[in-house]
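If you want the building blocks of each chain, they are given just below.
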Amino acid sequence: MTHNVAVETHPEIPLWNDPALSVTTRVSALIEAMTPEEKIAQLYGVWVGASDEGGDVAPHQHDMEEAVDLDALLPTGLGQLTRPFGTAPVDPALGALSLLRTQARIASANRFGIPAVAHEECLAGFAAWGATAYPVPLSWGATFDPDLVHRMASAIGRDMRSVGVHQGLAPVLDVVRDARWGRVEETIGEDPYLVGTIGTAYVRGLEGAGVVATLKHFAGYSASRAGRNLAPSPMGPRERADVLLPPFEMAIREGGARSVMHAYTDTDGVPAAADEDLLTGLLRDTWGFDGTVVADYFGIAFLKTLHGIAADWAEAAGAALRAGVDVELPTVKTFGAPLVEAVAAGRVPEKVIDRALRRVLTQKALLGLLDPTWNPVPAALDGADLDDPEALRGRIDLDGPGNRELARTVAEEAVVLLSNDGTLPLARPRRIALVGPNADEPTAVLGCYSFPQHIGVHHPATPVGIDLPTLRATLAAEFPDTEFTLAHGTGVDDGDVSGIPEAVRAAGEADVVVAVLGDRAGLFGRGTSGEGCDVESLALPGAQQRLLDALLDTGRPVVTVLLAGRPYALGRAVTEAAAIVQSFFPGEEGTAALAGVLSGRTGPSGRLPVSVPRGAGAQPTTYLGARLAHASEVSSIDPTPAFGFGHGLTYTTFAWSDLAVDVEQAPADGEFSLALTVRNTGARHGTEVVQLYLHDPVASVVQPVQRLVGYTRVPLAPGEARRVRVAVPADLASFTGRDGHRIVEPGALELRFAASSTAPPLTAAVTVTGPPRRVDHTRRLHAVFRQEPSAGG
């Protein structure tokens, strides 16, 4: 029964509601019929929270916003609803009921019957109470598996769409430039090609489920000085063009992303929210993006309060609109009364309102929100009795077995084995000392944008909503005959060393020590990783290094397990630990994945998406640097990492051989052809990740020593071999030249096949012939890999 949410209809269908007409015609007719106030109302959102009783949403109050009166706003319409599920714990079915009733109210209140776009966060799964908490994006990067990430995003998108959500604020396509930045956990890694391919796979999955993907943060947020959140980004135009922009290019061109979120930062004095060259000149005029640009939360107001380029709210609104921002989020501020008054006074031309409005209404039309058959009832409540809210409670499961299985697969593929002296896999030890602040902590697997860490921490009386087994519990199940001794040792960041003697005693009585260290995700200083949780150095937080060193001093084999949001320097453990296992906030199934790797039930196949530093203060340690960024005799600081980008061990061994270059010379619009054989020479099944790096020894502008241009996962049974063939377009050698245009230059190149950025490569010498060639965003972006059984394999 849905009679209580019916939307009034009229016998004659207005042009904008007629699905037989083109979207352009429908949108033009609607814009023509609207008043300036009605137009502007479509360009902002209101932050709300769904009702846990199924009633209308309630406006959410934030310390950066004024109170919002929905009754006063709704007669002119409303563009977006901000995070109805992601603001407070609410049963998913009752949240969906609350959202649909609110949508019916919004549509009934305005002259045109237009509902709002509902958006949510989905950086590590749908950020709603009871929804699956998947691994964070840094773990997506560690999988080097776009197909798997696509499957995960499809599942996330289906869950969101089923309860009435239209837009997801993900993925983050910022390329890590300094690991001290708190939001590293939200990124995919330090290499633009890895970020682009994994991020594009996520976009395809989300968009394929009918949810608008939002690329963020456009552009330069991660290049902030000293890794400080919202600090200025001191990058030059070439770094922006060749490192930070390519993932966005790829996700728009190949992923079909329909929204972009501007960054908070300024570059060379121009805030992204007011950068017309970026948001209109590049994004729309050059790349052809035709979706919506939404503001990062409060970002338009920041033009006045933080950047100081606007004298008042109206000036901030005008600057953002002229630059190309279409929607103010999370709530109405500068786009409200100040913008209405500015348009009436002629300070902001109505044509820039109409330009943004056309994009917003076009997206609403494509989502079906202007159709006469639009129904606010989402798929998950189809056929339900909406007049009995309590009967709906528990009806919607956002964390079913299929989701959890997928979450575990991602977590397993993302585990990176950094070092191993043969201790792993553990051979049924009789006694294990389980030590460290994250050994028995349920939330140690969660990132800062997971619902429990983002919202749930503010509601301690509410159950977490999902099952979060600790590593202690999963290891006990994995080793049922083993005796475990638990010792806290120290906190994540409290600096307390009083528990270290007890931890040392436990270690001394054990056959093996499993030290579980790392981070606590949080926001704005409430954690050691997450938004606003930047650090001065990459030393382990608190007294964890002292604990680790004390355990190493016992002489017992120490398996160091890291549940973290960024890479950390590990001191003596790099050479003295029996093994080091890195997991980047692996989500609700993360401890099961780790237990499987430690026991050997699962073979590790993850690879580092970011370099692990050797020293805590030698930043940045990204491999993607020119010669002067690497170790030299003229500086006493050595940024060489302990474990480089792409590194990761397995429980078997591989041999690479028979490199052949079938086409070693090609014009600037041609391609090279290469092949090599990879063989599993060990006794276990394993997956090798073949990485292809490009080295340009002489170029007209300084180039990175090498950069990733392709990769492929190669699963192999013991003794099995595969011939890996790859076609490499010369376009992959392109870079931004001195005149600001992207070019492919003639000359010698090296194509390096390697197991990591620091592994000895198989190197092929190739040559680009003929004249230089100018390329643009339509250039070829990928090497094409093909695997076939090897003769005798």
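What counts and what doesn't
- Residues numbered from 1 in each chain as written.
- Predicted model: local features only at pLDDT ≥ 70, side-chain atom pairs only at ≥ 80, totals over all residues.
- Heavy atoms only, no water.
- Helix = DSSP H or I, 4+ residues; strand = E, 2+ residues; numbered from the N terminus.
- Rg over C-alpha atoms; globule rule 2.2 N^0.38 Å.
- Buried < 20%, exposed > 50% of the residue type's maximum accessible area, 1.4 Å probe, protein only.
- Contact = heavy atoms within 4.5 Å.
- Pairing = 2+ DSSP bridges.
- Phe/Tyr/Trp six-rings, centres within 6.5 Å; stacked < 30°, edge-to-face > 60°.
- Lys NZ or Arg CZ within 6 Å of the ring centre and 35° of its normal.
- Axes fitted to C-alpha atoms, helices over the stretch in contact; angles between N-to-C directions.
- Left-handed = near helix turned anticlockwise from the far one by under 90°.
- Nonpolar A, V, L, I, M, F, W, Y, C, P; charged D, E, K, R; others polar.
- Expected span 1.5 Å × (residues − 1).
- pLDDT = per-residue confidence, 0-100.
- Polar contact = N/O pair within 3.5 Å; in protein donor to acceptor, adjacent residues only side chain to side chain.

Colleague: Which parts of the structure should I look at to understand the overall build of the protein?
Modeller: Of the regular secondary structure elements, the protein holds 22 helices and 28 strands. Taken over the C-alpha trace, the protein has a radius of gyration of 27 Å; the compact-globule value for 793 residues is 28 Å, and the two agree within 12%. When the backbone C-alpha atoms are referred to their principal axes, the protein occupies close to 80 × 65 × 50 Å. By the burial criterion, 63% of the 793 residues in the protein qualify as buried. Put simply, of all contacts in the protein between residues at least 6 apart along the chain, 79% involve residues at least 24 apart.

Colleague: How do you make sense of the sheet that holds strand E7 (residues 259–262) when you look at a structure like this?
Modeller: The strands making up a sheet associate through hydrogen bonds between their backbones, and the pairing can be parallel or antiparallel. Spatially, eight strands are ordered E2-E1-E3-E4-E5-E6-E7-E10 in an open sheet, and the strand pairing comes out mixed. The open sheet has two free edges, formed respectively by strand E2 (58–59) and strand E10 (292–294), since each of these has just one partner strand. By the bridge criterion, three bridges tie strand E6 (residues 212–218) to E7 in an arrangement that is parallel. Each bridged residue has a counterpart across the sheet, and for Thr 214 the counterpart in E7 is Ser 259.

Colleague: How should I be thinking about the packing of aromatic side chains in this particular structure?
Modeller: Two numbers describe a pair of aromatic rings. These are the distance of the centres and the angle of the planes. This model, assessed by the stated rule, comprises 14 aromatic pairs. Pairing Trp 16 with Phe 112 gives two aromatic rings, centres 5.4 Å apart and planes at 80°, and the pair type is edge-to-face. Of the two residues, Trp 16 sits in the segment before helix H1 (23–33) while Phe 112 sits in the loop between helix H4 (92–109) and strand E4 (117–121), which places them 96 residues apart along the sequence. Of the two residues, Trp 16 and Phe 112, neither departs from the other in class, the shared state being buried. Between the aromatic rings of Phe 144 and Phe 645, the centroid separation amounts to 6.0 Å while the plane-to-plane angle is 50°, which identifies the pairing as tilted. One end of the pair, Phe 144, is in the loop between helix H5 (137–143) and helix H6 (146–162); the other, Phe 645, is in the loop between helix H22 (590–599) and strand E17 (654–663), and 501 residues separate them in sequence. In terms of burial, Phe 144 and Phe 645 fall into one category: buried. Following the ring pairs from residue to residue traces out a cluster consisting of Phe 144, Tyr 193, Tyr 623, Phe 645, Tyr 693 and Tyr 711. When the ring centre of Tyr 449 is taken as origin, the NZ or CZ atom of Lys 216, which lies over that ring, is 5.7 Å away. Sitting over the ring of Trp 313, Lys 304 keeps its end group 4.7 Å from the ring centre.

Colleague: Please clarify how unusual backbone geometry should be interpreted in this entry.
Modeller: Negative phi characterises most residues that are not glycine, and trans characterises most peptide bonds. In this structure, the amide linkage connecting Ala 170 to the following residue, Pro 171, adopts the cis form with an omega of 10°. Mapped onto the elements of the fold, Pro 171 is located in the loop between strand E5 (167–169) and helix H7 (192–208). Between Leu 424 and the following residue, Pro 425, the backbone shows a cis peptide bond with an omega angle of -5°. Here Pro 425 shows up in the loop between strand E11 (416–420) and strand E12 (431–435). Of note in the backbone geometry, Ala 226 takes a positive phi value of approximately 65° without being a glycine. Here Ala 226 is to be found in the loop between E6 and helix H8 (237–244). Overall, the relative accessible area of 40% leaves Ala 226 in the partly exposed class. Of note in this structure, Phe 298 is not a glycine but carries a positive phi near 70°.

Colleague: Whenever I open this one, the packing of H6 against H7 confuses me. Can you help?
Modeller: The N-to-C vectors of H6 and H7 enclose an angle of 35°; their axes lie 7 Å apart at closest approach. When the axes of H6 and H7 are compared, the crossing they make is right-handed. Contacts from Pro 146, Val 149, His 150, Met 152, Ala 153, Ser 154, Ile 156, Gly 157 and Met 160 in H6 reach Thr 197, Ile 198, Ala 201, Tyr 202, Arg 204, Gly 205 and Leu 206 in H7. Looking at the contact of H6 with H7, its residues break down into 10 nonpolar, five polar and one charged.

Colleague: Explain helix H14 (residues 350–366) to me, please; I cannot follow it from the model alone.
Modeller: An α-helical turn contains 3.6 residues, so any two residues separated by three or four positions project in the same direction. With 17 residues, H14 extends 24 Å between its outermost C-alpha atoms, agreeing within 8% with the 24 Å of an ideal straight helix rising 1.5 Å per residue. Turning to H14, its buried residues number three or more, namely Val 352, Ile 353, Ala 356, Leu 357, Arg 359, Val 360, Leu 361, Gln 363, Lys 364 and Ala 365. Once H14 finishes, Gly 368 follows within two positions and takes phi at roughly 85°, a positive value.

Colleague: Help me understand the sheet that holds E11 in this model?
Modeller: Strand order in this open sheet of six strands is E11-E16-E15-E14-E12-E13, and the pairing throughout is mixed. The sheet is open, and its two borders are formed by E11 and strand E13 (483–487), each paired with just one other strand. Geometrically, the sheet is characterised by an average inter-axis angle of 15° between neighbouring strands, direction not taken into account. Examined bridge by bridge, strand E14 (residues 512–518) and strand E15 (residues 558–564) share six bridges and lie parallel to one another.

Colleague: Is there a simple way to explain the pairing of E14 in this structure?
Modeller: Along any regular strand, the residues point their side chains to alternate faces of the sheet. Within E14, seven of the seven residues are buried, leaving the element largely enclosed by the surrounding structure. Along E14, one buried face is formed by Val 512, Val 514, Val 516 and Gly 518 and the opposite face, lined by Val 513, Ala 515 and Leu 517, is buried too. Taken together, the four bridges between E12 and E14 define a ladder with parallel strand orientation. When the sheet's bridge partners are listed, Ala 433 is paired in E14 with Val 513.

Colleague: Is there a simple way to explain the confidence of the model for the protein in this structure?
Modeller: In low-pLDDT regions, the fine details of the predicted coordinates are not to be read closely. Per-residue pLDDT for the protein averages 95, and the proportion of residues at 70 or more is 98%. Confidence drops under pLDDT 50 across residues 1–10; counting only partners more than four residues distant or on other chains, this segment forms 21 contacts.

Colleague: Got a minute to help me understand helix H10 (residues 276–286) in this structure?
Modeller: Every buried residue of H10 is accounted for by Leu 278, Leu 279, Thr 280, Leu 282, Leu 283 and Arg 284. Its side-chain oxygen at 3.2 Å from the backbone nitrogen of Asp 277, Asp 275 defines the N-terminal cap of H10. Backbone geometry just after H10 places Gly 288 at a positive phi near 80°.

Colleague: Help me out: how do you make sense of the pairing of strand E22 (residues 721–729) in this one?
Modeller: Burial runs high along E22: seven of the nine residues are buried. Bridge count for strand E19 (residues 671–680) against E22 is nine bridges, and the pairing is antiparallel. Within the sheet, the bridge partner assigned to Thr 677 lies in E22 and is Arg 723. In this sheet, strand E28 (residues 784–789) lies alongside E22 in antiparallel orientation, the contact comprising six bridges. Within E28, the position partnered with Arg 723 by the bridge is Glu 788.

Colleague: It is not clear to me how the environment of Ala 273 should be interpreted in this structure. Could you clarify?
Modeller: Inspection of the secondary structure assignment puts Ala 273 in the loop between strand E9 (270–271) and H10. Accessibility expressed as a relative area gives 2% for Ala 273, which makes it buried. When the C-alpha positions of Ala 273 and Ala 301 are compared, they lie 9.8 Å apart, and in sequence the two are 28 residues distant. Once you skip the residues sitting within four places of it in the chain, Ala 273 turns out to touch His 262, Ala 263, Leu 279, Gly 299, Leu 303, Ala 319, Ala 320, Ala 323 and Val 325.

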